[in-house]
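Descriptive analysis of the structure
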Amino acid sequence: MGRTETPTDTAVTPGEAPDKSPTTVDAAKEEARAAGQPKPGQRAEISNLEIVRHYFERAADRLAVPDDVRVVFWSPYREVTVQIPVKRTDGKVHVYSGYRIQHNGARGPYKGGIRFHPEVDIDEVRALASLMTWKTAIAGVPYGGAKGGVNCPADELERGELEQIARSFMSKVDKVLGPTRDIAAPDVNTNAQVMAWMMDEYGKLHGHTPAIVTGKPIALEGSYGREAATGRGCVYMFREAAPHLGLSPAETSFSIQGFGNVGSWAARIMQQLGARMVAVSDANGAIRSDAGIDAHALHDHLAAGGRITELPDVEPIDPGTLIEVPCDVFIPAALGGMIHEHNADRMRCKVVVEGANSPTTPAADEILRDQGIYVIPDVMANAGGVVVSYFEWVQNLQHFRWDEREVNDKLGNVMRRAYREVSARAREEGIGLRDAAFLVGLERVVEAARTRGYV
Ligand code: NAD
């Protein structure tokens, strides 16, 4: 496959390190390192890139992909790093690093979200871009894989600062994006408003182009159902698996780690089915209640500026013990590496539906398997977002809008098909769902690349 030169802008002002501002995160990591292992609520020391590579290599081994060809499918096609200087309200210029990584485009235009988080680094973006390549293939949507990120402390930023970062990022990566080239979307700490700023910035440079980003506000040609799509997709996957596990959705209890976009929608939709949320966390704390925590009330409480631990009639708990609360379904929907070898054996659930990307390390995955916990892996479970992003893009290209029911029905069809195809493959080969999912994804990408004549 022909590689294009990477157009790399200057990453930082000479002599100055990018302002990652992760002081508290670093302190926590240092403390964990000193103790020789991550604390229960913390992320594992294995990187997202190592996690994704582990599963990629297993699939490539199983498919007997030769080493030279394997490099084409593992390494990213194009990596862009840009400098994002922002004058903040403290009067100082803070310099952040922005990344856009296009992993593989054999199956269609690159597609992937943009994350704002102080821990974003190029390896994490590489991992997430690669995951998008396999995810779009498993879901059967005609995209390649990409991801973007800016290492800014999104939680501390004021609205005007966020807008500057969003616009600056887009104005610097616009040359490698395009509605038939690479399409962006929201991820951690980016939302419909951020997408609107990015679309507007791209429009200033190239003319009005709604199909350049998905996850836009409804008022700006966003799709009905996109905001809830990833959480809804997780619930569709669980519903598909439930009968085989002897579970009835209306009678299940569940816990959510990370009550953001994915987690809060998954919780609200699970609750619509009659399920009961018994524990939930966000970056500020964790709570439990055996009687059930109302997902709508929690959403409204947080939207009004309340802290999770201040919700009435719940018991605040140490976030590290969230995984120990007995429940049927555990939905990790925060960051990667949160379920690791030092805490996986304390999980008390029957099913893990991975809303987050790479929430489970390979060592933890084996512990869960030994404990008989069924895992629906990220690469298929959280594909609902990119599926409805695809629907949004299709609507934008046609300048036509579908109603929400149509979007949700079509999403259900895609998720059910993906579940059935991957679970059939898992049965045929006598392997777990995650290995089967990577196998199906890699096989489809290899086939597309071979048919194009790339390899
Ligand atoms: P978000 O920013 O809306 O929510 C993240 C949530 O996690 C927040 O509630 C935050 O407080 C919480 N959180 C952060 N650190 C935590 C910690 N240490 N413990 C507990 N909670 C913590 O982001 P999102 O869009 O919901 O994404 C969540 C995950 O889902 C990410 O891994 C993302 O890559 C993945 N994902 C998102 C989408 C999407 O469409 N948004 C699609 C696929 C996958």
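Residues numbered from 1 in each chain as written. Predicted model: local features only at pLDDT ≥ 70, side-chain atom pairs only at ≥ 80, totals over all residues. Heavy atoms only, no water.

Let us now look at the overall build of the chain. If you tally the helices and strands in the chain, you get 14 helices and 12 strands. Its C-alpha radius of gyration of 21 Å places the chain within 12% of the 23 Å reference for a compact globule of 455 residues. Along the three orthogonal principal directions, the C-alpha set of the chain runs to about 55 × 55 × 50 Å. Split into buried and exposed, the 455 residues of the chain put 58% on the buried side. (Helix = DSSP H or I, 4+ residues; strand = E, 2+ residues; numbered from the N terminus. Rg over C-alpha atoms; globule rule 2.2 N^0.38 Å. Buried < 20%, exposed > 50% of the residue type's maximum accessible area, 1.4 Å probe, protein only.)

Glancing now at the pairing of strand S10 (residues 329–332). Going residue by residue along S10, you find Val-329 and Ile-331 tucked away on one face and Phe-330 and Pro-332 tucked away on the opposite face as well. Sheet topology places strand S6 (residues 253–257) next to S10; 4 bridges connect them, and they run parallel. In the sheet register, Ile-256 faces S10, and the bridge partner there is Ile-331. Bridging between S10 and strand S11 (residues 351–353) involves 2 bridges; their strand directions are parallel. Following the sheet pairing, Val-329 is matched in S11 by Val-351. (Pairing = 2+ DSSP bridges.)

This paragraph deals with the sheet that holds strand S2 (residues 93–104). Pairing is mixed in the open sheet, where 5 strands are placed in the order S1-S2-S4-S3-S5. One side of each edge strand has no neighbouring strand; the edge strands of this open sheet are strand S1 (78–87) and strand S5 (182–186). Direction aside, the axes of adjacent strands within the sheet are offset by 20 degrees on average. One ladder, built from 5 bridges, connects strand S3 (residues 110–116) with S5; its direction is parallel. (Axes fitted to C-alpha atoms, helices over the stretch in contact; angles between N-to-C directions.)

With that settled, consider the sheet that holds S10. What the 7 strands build is an open sheet, ordered S9-S8-S7-S6-S10-S11-S12; its pairing is mixed. Looking at which strands have only one partner, the edges of the open sheet turn out to be strand S9 (315–317) and strand S12 (374–376). Geometrically, the sheet is characterised by an average inter-axis angle of 20 degrees between neighbouring strands, direction not taken into account. One ladder, built from 3 bridges, connects strand S8 (residues 285–288) with S9; its direction is antiparallel. Looking at S9, one finds that Ile-287 is bridged to Pro-316. Running at roughly 140 degrees to S12, helix H7 (residues 226–241) makes contact with S10, S11 and S12 of the sheet. (Contact = heavy atoms within 4.5 Å.)

We now examine the site of the ligand. Around the ligand, a shell composed of 22 residues is seen, among which Arg-115, Thr-230, Asn-261, Ala-334 and Asn-357 lie nearest. Note that an oxygen atom of the ligand is positioned 2.9 Å from one of the backbone N or O atoms of Val-262. Within the backbone of Gly-355, an N or O atom sits 3.4 Å from an oxygen atom of the ligand. Notes on the ligand: free accessible area 820 Å², of which the protein chains cover 83%. Elements represented by at least two residues in the shell around the ligand include exactly H7, helix H8 (261–272) and strand S7 (276–282). Here the shell around the ligand is composed, by residue class, of 9 nonpolar, 9 polar and 4 charged. (Near = heavy atom within 4 Å. Polar contact = N/O pair within 3.5 Å; in protein donor to acceptor, adjacent residues only side chain to side chain. Areas by Shrake-Rupley, 256 points an atom, 1.4 Å probe, with all protein chains shown as cover. Nonpolar A, V, L, I, M, F, W, Y, C, P; charged D, E, K, R; others polar.)

What follows is about helix H12 (residues 384–398). Along its 15 residues, H12 runs 21 Å from first to last C-alpha, staying within 8% of the 21 Å computed at 1.5 Å per residue. Of all 15 residues in H12, 12 are buried, a share of seventy percent or more. Considered for burial, the residues of H12 that qualify are Gly-384, Gly-385, Val-386, Val-387, Val-388, Ser-389, Phe-391, Glu-392, Trp-393, Val-394, Gln-395 and Asn-396. Next to the buried residues of H12 lie S3, helix H4 (122–139), S5, H7 and helix H13 (404–429). Backbone geometry just after H12 places His-399 at a positive phi near 50 degrees. (Expected span 1.5 Å × (residues − 1).)

This part takes up the pattern of salt bridges. Enumeration over the complete set of coordinates arrives at 30 salt bridges. Where Asp-200 meets Arg-167, a salt bridge forms, and the shortest distance between an N and an O atom there is 2.9 Å. In this pair, Asp-200 is assigned in helix H6 (residues 192–206) and Arg-167 in helix H5 (residues 159–173), connecting sequence segments 33 residues apart. Assessed through its relative accessible area of 33%, Asp-200 is described here as partly exposed. Residue Arg-167 is joined to Glu-201 by a salt bridge in which the shortest nitrogen-to-oxygen separation is 3.0 Å. (Salt bridge = Lys/Arg side-chain N within 4 Å of Asp/Glu carboxyl O.)

Turning to the environment of Glu-406, a few remarks are in order. With respect to the element layout, Glu-406 can be found in helix H13. For Glu-406, a relative accessible area of 31% puts it in the partly exposed group. At a separation of 2.9 Å, a polar atom in the side chain of Glu-406 contacts the side chain of Lys-410.

We now examine H5. In a regular helix each residue adds 1.5 Å, so 15 residues correspond to 21 Å; H5 covers 21 Å between its end C-alpha atoms and thus fits that length. Tucked inside the fold, the buried residues of H5 contact S1, S2, S3, strand S4 (145–150) and H6.

Bringing the packing of aromatic side chains into the picture now. Across all of its chains, the model carries 9 aromatic pairs by this definition. Ring plane angle 90 degrees and centroid distance 5.7 Å describe the contact between Tyr-143 and Tyr-390, whose orientation is recorded as edge-to-face. Highlighted residues: Tyr-143 in the loop between H4 and S4 and Tyr-390 in helix H12, separated in sequence by 247 residues. Take Tyr-143: its relative accessible area is 0%, and that puts it in the buried class. Taken together through their ring pairs, the aromatic side chains of Tyr-143, Tyr-390, Phe-391, Trp-393 and Trp-402 make up a single cluster. Lys-410 extends its terminal NZ or CZ atom over the ring of Trp-402, reaching a point 4.7 Å from the ring centre. (Phe/Tyr/Trp six-rings, centres within 6.5 Å; stacked < 30°, edge-to-face > 60°. Lys NZ or Arg CZ within 6 Å of the ring centre and 35° of its normal.)

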